[in-house]
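Letter by letter, the chains look like this.
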There are 2 protein chains.
Amino acid sequence: MAGTPEVEAAARGTFKEWVEVLAIPNVSAAPADIQRNTNWFEQAFKRRGYRTRQLPNNGKPMLFAEAPNAKDTKSTVLFYAHIDGQPVTPSEWNQESPWKPTLKQKTPDGRWMELPIERLYDAKVDPEWRLFARSSSDDKAPILMLLAAIDALQAAGVEPAINVKVLLDTEEEVSSPSLGTVIRENLAFLKCDDLVVLDGPMHPSNRPTLVFGNRGIARATLTVFGPRQELHSGHYANYVANPAMRLAQLMASMKDEDGRVTVKHYYDGIALDDRARRVMAAVPDDEPALRKRLGVAETEKVGGNYQEAMQYPSLNIRGIKSADVGGKARTIIPDHATAEIDMRTVPETPPERLFDLLKGHVTAQGYHLVEGEPTDDDRARYPKLASLMMGKGSSSGTAVRTDLDSPIGVWLREAMKRAHGADPIEIRMMGGTVPTGVAVGALKVPFAIVPLVNADNSQHSFDENMRIGNYLDGILTLEAILRLEKSR
Amino acid sequence: MAGTPEVEAAARGTFKEWVEVLAIPNVSAAPADIQRNTNWFEQAFKRRGYRTRQLPNNGKPMLFAEAPNAKDTKSTVLFYAHIDGQPVTPSEWNQESPWKPTLKQKTPDGRWMELPIERLYDAKVDPEWRLFARSSSDDKAPILMLLAAIDALQAAGVEPAINVKVLLDTEEEVSSPSLGTVIRENLAFLKCDDLVVLDGPMHPSNRPTLVFGNRGIARATLTVFGPRQELHSGHYANYVANPAMRLAQLMASMKDEDGRVTVKHYYDGIALDDRARRVMAAVPDDEPALRKRLGVAETEKVGGNYQEAMQYPSLNIRGIKSADVGGKARTIIPDHATAEIDMRTVPETPPERLFDLLKGHVTAQGYHLVEGEPTDDDRARYPKLASLMMGKGSSSGTAVRTDLDSPIGVWLREAMKRAHGADPIEIRMMGGTVPTGVAVGALKVPFAIVPLVNADNSQHSFDENMRIGNYLDGILTLEAILRLEKSR
């Protein structure tokens, strides 16, 4: 473990708190549990002299905390993290309970062996140990790391170089349905110059990582209608068009062999300059190893590498179905065929525009679009009938991106370099969708994501865990961020 | 009712037998029931002086019957029909039981009203009445009509102009798995010059119908493999190819917009001469009404009309699936996608050849075909992986066709013309698949199908019924066939 004695001491000082709060179940479907977590975190910040406020949210209050001694001369940074965790199936876990934090060490033959939890509180910890529990990484760990970084500064008698505010979400794992509302209702407290999101896994190389954006998501359901009812394939094949074949033809018309979307204007507005390309090329992705792990010999050619591919909106068939396969298959012409589509969006391609392009593409293939089922009149008039519906709740998955050379980027890059002696890995755009867009949209400030947990943490699954070395490194990162002045 | 007094009397003479045998359940899954049916029909033929023999078949004996006084100078014609019926769901039926034959008359407002069964035995029957019961049409009615035609000839003191043999199948509704074996084991009895199949519905116009062939069926399962396991569509869409999209592209490559198969050589060998085209054009299909009933504004353009379309092999997606649609859809890249294909074959395109063409087409699109799941080595080597399996049991669905101007065609056409005063509707090829091919393959004789039941008979469903007028017309048809000499 690197860092000052204060940082080391501060880390050890939070281990007991970490174990304590991981014992409180945090599935957002149980508001009473969420309330206990909010209370716990409120006390933790209070102990450090922070002013706190529970932000009402249907029985699952979010937490606002603010460092004392705010100064107008300093930039105000809001740190976002979340308290809630994914649901658990306790029987899957290789420990007594997901709510009983368990320290483990890997044996030479690759198994995880339990250690007495007291070992964590010893003077000497092994960075390769891991603490297993729901939310041990996602996303309680970053909050504990922030508390430790605050402790380290206080122990050193140093005031943070920024005004620190904290917002802890309680519904992130259910797509933060009310985050935007809660922020807007409490803008007076949450007002800030920048947003730093402490969530998500670091790059698989485990090197410090700085993320500038994430893709959004939009869903669409496309149904092609065939005959009024399923038909005997002997009597009608060659005569009545098969909706599964037509859907196949329609979907096939949307992408080329390389995986590039052929819907006109789909990629319009996306421009990757040399700076962006250099940043993406510098990410140490081991693509041959990745392909091997995924089990594919080649990848699509939307971008020149993995990072570039994430800069474009996708058009993905997440499910397709017509009649039945396997033992239930019958010799029929189906009456309809459905494809579930998801489009990962980027800031240049808002969901509504992609949906309109998709709609235009379908009608350009000769389809008449109906809402619901076609009527007899529709059936008599239009040779090709389909329905295309945009999924609900797309707004919680907005794409956002901060410029690589924006002040927040420059500041965080410098802080991470001071903490670790090297530039962080910079991810211009992560492929997945997180609720960042909601917060950014409500706060209207620049943002960046600083992920602090190991990529192989099994988050969202059983045996979620946090590598102790990452916990220590994360405190270093946050301590450096708190110490570095940010120009307003 | 037209015809001679002997024919009218003969028809009435069989009504009680018809009602009696329809009361015996005949689902082939219950061998004891099948045995009772075989026994019943054996007695019915014995009463008419026929020699009979039960042909062993795993507890469900088929029946062979032969008219007395066979003469070497006459052609020997084997009439095929089947005893067994489709399973029933009694609660669906609008009568006491599918096994209690029920006479019904349509009311002016279009409902079916029950009549006392005794009305059927009165001197005067209404041709619009219908008898409802499982197998009232499919396929006990034609056997009863044949018995009535035999009675009519005997009443008139006329010997049939052909040597009459009869084979009653007991497993037609389960695809006649042992018909070929039973025929081969009993060829000494079944030897004949021609085969006349008494099964299937007449043309919807209800005009006398003569069928020269039927399509066969072959099944194939095509699976395209994606990544080793389902992937998060945020992190991997645009990078890992989606197997549902690839399957869509692959299927789309097999057909054009008009529904014509684009797999090379798929239609090779099919030649429709002017005679065939005239016969097909003469079929009084009401295609606008058909399209309206099916709910489609346009049809595929494989042939110029419905009849022509049935002369070609089809390539039909009978089911397709990848991951899930609707409420169970997740935002993933699926790990595989499967299409179930059925190909209706014609005599020029045997199933094995079509399967080979399909296989060649898939590999020509760059796919490496594996058996079962791809290995790690397959995944590392081949960018496109799929499996293509031919379905089992295809041999029971062989396509067969008799030449329109073959002696059996000339003979049957003339007989039907004598019975009804006009040429029958001639169907060169029916689209569906019946076990005719098995019988033809085992007997190695020319054949034709003479369907005698109304097309709107709800066969295979609940409320199966037989129109009395069709029953009477069928006896006329069969009586004329028995009376007409066929040159050897």
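Just so it is clear, the model here is predicted, and its values are computed rather than measured. (Residues numbered from 1 in each chain as written. Chains lettered and ligands numbered in written order. Predicted model: local features only at pLDDT ≥ 70, side-chain atom pairs only at ≥ 80, totals over all residues. Heavy atoms only, no water.)

Visitor: Please explain the sheet that holds strand β21 (residues 465-467) of chain A as it appears in this structure.
Guide: The strands making up a sheet associate through hydrogen bonds between their backbones, and the pairing can be parallel or antiparallel. Residues and elements named next belong to chain A. Within the open sheet, the four strands sit side by side as β5-β4-β6-β21. Their pairing is antiparallel. Both edges of this open sheet fall to β5 (112-115) and β21, since each of them pairs with a single strand only. Neighbour-to-neighbour, the strand axes of the sheet open up by a mean angle of 35°, direction not taken into account. Here strand β6 (residues 130-132) runs beside β21; their pairing, made up of three bridges, is antiparallel. Within β21, the position partnered with Arg-130 by the bridge is Arg-467. Against the sheet, helix α15 (residues 468-483) engages β4 (102-106), β6 and β21, with an angle of about 65° to β21. (Pairing = 2+ DSSP bridges. Helix = DSSP H or I, 4+ residues; strand = E, 2+ residues; numbered from the N terminus. Axes fitted to C-alpha atoms, helices over the stretch in contact; angles between N-to-C directions. Contact = heavy atoms within 4.5 Å.)

Visitor: Explanation requested: the relation of the copies chain B and chain A in the structure shown.
Guide: Superposition of the two copies of the chain requires a rotation about an axis and a shift along the axis. With an RMSD of 0.0 Å, chain B superimposes on chain A once it is rotated by 180° and translated 0.0 Å along the axis. The superposition of one copy onto the other is thereby described by a two-fold rotation axis. Same-surface contact between copies: 100% of interface residues of chain B are shared with the interface of chain A. (Least-squares fit on C-alpha atoms with pLDDT ≥ 70 in both.)

Visitor: Even after reading the chapter, I still don't get the interface of chain B and chain A, so can you show me in this structure?
Guide: It is common to give the size of an interface as the accessible area lost on bringing the parts into contact. In this assembly, 76 residues from chain B lie in contact with 76 residues from chain A. Here chain B packs against chain A, burying approximately 6,300 Å² in sum over the two surfaces, 55% of which is carbon and sulfur. Area buried by chain B at its contact with chain A is led by Asn-238, Tyr-239 and Arg-318 of chain B, which between them contribute 15% of it. Put simply, chain B and chain A have two salt bridges between them. Salt-bridge contacts for Glu-257 of chain A lead to Lys-384 of chain B; the nearest nitrogen and oxygen are separated by 2.8 Å. For the interface between chain B and chain A, the tally reads 52 residue pairs in polar contact (both at pLDDT 80 or more). Considering only residue class, the side of chain B that touches chain A consists of 34 nonpolar, 20 polar and 22 charged. (Buried area = accessible area lost by both parts, 1.4 Å probe. Salt bridge = Lys/Arg side-chain N within 4 Å of Asp/Glu carboxyl O. Polar contact = N/O pair within 3.5 Å; in protein donor to acceptor, adjacent residues only side chain to side chain. Nonpolar A, V, L, I, M, F, W, Y, C, P; charged D, E, K, R; others polar.)

Visitor: Is there a simple way to explain the environment of Asp-405 of chain A in this structure?
Guide: Residues and elements named next belong to chain A. Locating Asp-405 in the fold gives a position in the loop between β18 (400-401) and α13 (407-420). Exposure remark for Asp-405: the relative accessible area of 42% places this residue in the partly exposed category. Residues Asp-405 and Arg-275, spaced 130 residues apart in sequence, show a C-alpha to C-alpha distance of 9.6 Å. At a separation of 2.8 Å, a polar atom in the side chain of Asp-405 contacts the side chain of Arg-275. (Buried < 20%, exposed > 50% of the residue type's maximum accessible area, 1.4 Å probe, protein only.)

Visitor: Explain the pattern of salt bridges here, please?
Guide: Oppositely charged side chains are able to pair whenever their charged atoms sit close together. This structure, assessed with the given rule, holds 56 salt bridges over all chains. Between Glu-300 of chain A and Lys-255 of chain A there is a salt bridge whose closest N-O contact spans 3.7 Å. With Glu-300 of chain A in the loop between α9 (287-294) and α10 (306-309) and Lys-255 of chain A in the loop between α7 (243-252) and α8 (274-282), the pair connects residues that are 45 residues apart, well separated along the chain. The salt bridge partner of Arg-36 of chain B is Asp-33 of chain B, with a shortest N-O separation of 3.6 Å. Placement of the pair is Arg-36 of chain B and Asp-33 of chain B together in helix α2 (residues 31-47), with a separation of three residues, close to one helical turn. In this structure, a network of salt bridges that share partners links the residues Glu-17, Arg-47, Arg-48 and Asp-151 of chain A.

Visitor: Can you help me understand the side chain of Asp-138 of chain A in this one?
Guide: All names here are of chain A. If you trace the backbone, Asp-138 turns up in the loop between β6 and α3 (140-156). Buried within the structure, Asp-138 lacks any salt-bridge partner; its nearest side chain of opposite charge belongs to Arg-134, at an N-O separation of 6.8 Å. Within the structure, the side chain of Asp-138 is placed 3.1 Å from the side chain of His-82, a separation counted as a polar contact. Polar contacts involving the side chain of Asp-138 include one to the side chain of His-460, which spans 3.3 Å. Apart from residues lying up to four places away in sequence, Asp-138 is in contact with His-82, Asp-84, Glu-173, Asp-199, Gln-459, His-460 and Glu-464. (Lys, Arg positive; Asp, Glu negative; His and termini not counted.)

Visitor: What am I meant to see in the packing of aromatic side chains here?
Guide: For any two aromatic rings, the description comes down to two numbers: the centre-to-centre distance and the angle of the planes. Evaluated as defined, the whole model comprises 22 aromatic pairs over all chains. Taken together, a centroid distance of 5.1 Å and an interplanar angle of 85° make the contact between Trp-40 of chain A and Phe-41 of chain A edge-to-face. Here Phe-45 of chain A and Tyr-50 of chain A contribute two aromatic rings whose centre-to-centre distance is 5.5 Å and whose plane-to-plane angle is 50°, an arrangement assigned as tilted. Exposure remark for Phe-45 of chain A: the relative accessible area of 0% places this residue in the buried category. An aromatic cluster of at least three residues, connected via ring pairs, comprises Phe-15, Trp-18 and Tyr-471 of chain A. Note that Arg-47 of chain A overlies the ring of Trp-40 of chain A, its terminal NZ or CZ placed 5.8 Å from the centroid. In this arrangement the basic side chain of Arg-260 of chain B is found over the ring face of Tyr-312 of chain B, its NZ or CZ atom lying 6.0 Å from the centre. (Phe/Tyr/Trp six-rings, centres within 6.5 Å; stacked < 30°, edge-to-face > 60°. Lys NZ or Arg CZ within 6 Å of the ring centre and 35° of its normal.)

Visitor: I keep staring at the packing of helix α2 (residues 31-47) of chain A against α3 of chain A and nothing clicks. Help me out?
Guide: When two helices pack together, their arrangement is given by the angle between the helix axes and by the axis-to-axis distance. Residue and element names in this part refer to chain A. Direction vectors running N to C along α2 and α3 enclose 15°, while the axes themselves pass 11 Å from each other. Classed by the angle they form, the pair α2 and α3 counts as roughly parallel. The interaxial crossing formed by α2 with α3 has left-handed handedness. Counted together, Asn-37, Trp-40, Phe-41, Ala-44 and Phe-45 of α2 and Lys-140, Ile-143, Leu-144, Leu-147 and Ile-150 of α3 form the full contact between these two elements. (Parallel < 35°, antiparallel > 145°, perpendicular 65-115°, else oblique. Left-handed = near helix turned anticlockwise from the far one by under 90°.)

Visitor: Looking at this structure, how should I read the domain arrangement of chain A?
Guide: Residue and element names in this part refer to chain A. When the domains of chain A are assigned, the result is domain 1 (5-214 + 399-483) and domain 2 (216-270 + 312-394). One C-alpha centre belongs to domain 1, the other to domain 2, and the line joining them spans 41 Å. Counting residues at the interface gives eight residues for domain 1 and seven residues for domain 2. When domain 1 packs against domain 2, close to 530 Å² is buried across both sides, 53% of that on carbon and sulfur atoms. Counting the surface domain 1 buries against domain 2, the share from its top three residues, Ala-399, Arg-401 and Thr-433, is 72%. (Domains from an automatic or database assignment.)

Visitor: Teacher, can you tell me more about α13 of chain A here?
Guide: Because each turn of an α-helix spans 3.6 residues, side chains separated by three or four positions end up pointing in the same direction. All names here are of chain A. The terminal C-alpha atoms of α13, which comprises 14 residues, lie 20 Å apart, in line with the 20 Å expected from a rise of 1.5 Å per residue. Among the residues making up α13, those that are buried are Ile-408, Gly-409, Trp-411, Leu-412, Arg-413, Ala-415 and Met-416. At the exit of α13 stands Gly-421, carrying a positive phi of roughly 75°. (Expected span 1.5 Å × (residues − 1).)

Visitor: What am I meant to see in unusual backbone geometry here?
Guide: Leaving glycine out, the prevailing phi sign among residues is negative, and the prevailing peptide bond configuration is trans. All names here are of chain A. Following Asp-138, the chain continues into Asp-139 via a peptide bond in cis, with omega recorded as 15°. Turning to its location among the elements, Asp-139 is positioned in the loop between β6 and α3. Residue Asn-58 is not a glycine yet carries a positive backbone phi of 50°. By secondary structure assignment, the location of Asn-58 is in the loop between β1 (51-55) and β2 (62-66). Notably, Asn-206 is not glycine yet its phi reads approximately 70°, a positive angle. Following the sequence through the fold, Asn-206 ends up in the loop between β8 (194-197) and β9 (209-211).

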